[in-house]
Amino acid sequence: MENDCLPNCRFIHNFFDYCVNTDGEIFSKKTGTWVKLKKQTHNCGYHIIQLCKDGKRQMYYIHRLVAKTFLDDYSEDLEVDHKNHDKKDNRLKNLRMVT
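It should be emphasised that the depicted structure is a prediction, and the values quoted were computed from it without experimental measurement.

Chemist: Tell me about the overall build of the chain, residues and numbers included.
Modeler: When helices and strands are counted, the chain shows 1 helix and 9 strands. Secondary structure elements of the chain occur, N-terminal to C-terminal, as β-β-β-β-β-β-β-α-β-β. A globule of 99 residues ought to have a C-alpha radius of gyration of about 13 Å, and the chain, at 13 Å, matches this closely. Oriented by its inertia axes, the alpha-carbon framework of the chain measures out at about 40 × 30 × 20 Å.

Chemist: Before we move on, can you summarise the pattern of salt bridges with the specific residues and values?
Modeler: Within this structure, the stated rule accounts for 6 salt bridges. Between Arg96 and Asp81 there is a salt bridge whose closest N-O contact spans 2.8 Å. Of this pair, Arg96 sits in strand S9 (residues 95-98) while Asp81 sits in strand S8 (residues 79-82); the two residues are 15 residues apart in sequence, bridging distant segments of the chain.

Chemist: Give a detailed account of the sheet that holds strand S3 (residues 26-28), specifying residues and quantitative values.
Modeler: Where strands meet in a sheet, backbone hydrogen bonds hold them as pairs that are either parallel or antiparallel. Spatially, 4 strands are ordered S1-S2-S3-S4 in an open sheet, and the strand pairing comes out antiparallel. Of all the strands in the sheet, the pair left with one neighbour each is strand S1 (9-12) and strand S4 (35-36). Of the pairings in the sheet, the one linking S1 to strand S2 (residues 15-21) comprises 4 bridges and is antiparallel in character. Directly across from Ile12, in S2, lies its bridge partner Phe15. Relative to S2, helix H1 (residues 62-70) is tilted by about 95°, and along the sheet it contacts S1, S2 and S3.

Chemist: Account for the pairing of strand S6 (residues 47-53), naming residues and giving values.
Modeler: A large share of S6 lies buried, amounting to 5 of its 7 residues. Here 2 bridges tie strand S5 (residues 40-41) to S6, and the two strands are oriented antiparallel to one another. Each bridged residue has a counterpart across the sheet, and for Gln40 the counterpart in S6 is Ile48. What sits between the antiparallel neighbours S5 and S6 is a turn of 5 residues, in which Gly45 has the positive phi angle 100°. Here S6 pairs with strand S7 (residues 56-61) via 6 bridges, running antiparallel. Opposite Gln50, over in S7, you have Met59 as the bridge partner.

Scoring rules and cut-offs
Residues numbered from 1 in each chain as written. Predicted model: local features only at pLDDT ≥ 70, side-chain atom pairs only at ≥ 80, totals over all residues. Heavy atoms only, no water. Helix = DSSP H or I, 4+ residues; strand = E, 2+ residues; numbered from the N terminus. Rg over C-alpha atoms; globule rule 2.2 N^0.38 Å. Salt bridge = Lys/Arg side-chain N within 4 Å of Asp/Glu carboxyl O. Pairing = 2+ DSSP bridges. Contact = heavy atoms within 4.5 Å. Axes fitted to C-alpha atoms, helices over the stretch in contact; angles between N-to-C directions. Buried < 20%, exposed > 50% of the residue type's maximum accessible area, 1.4 Å probe, protein only.

What follows is the structure, encoded as structure tokens:
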């Protein structure tokens, strides 16, 4: 596997077969080429994605992945706020950390 990510993307922390861009799109290179993954909507209204590592699948909120990847002030102890109150708008410019 190559060590490069797609343009305008960053690798997701601890998931080097996955990357995320500032528009909140998740990509996988599990098959050898980058493929955009389909997001799902959790019953609480947020977009989620399942990532697989070491044969184990786990669900993640996309807004948390974007924030953790791109925001310098990200903290697990803080909330990720959608500035426009749209739970499905996971663009970096719409996210901020709040108490």
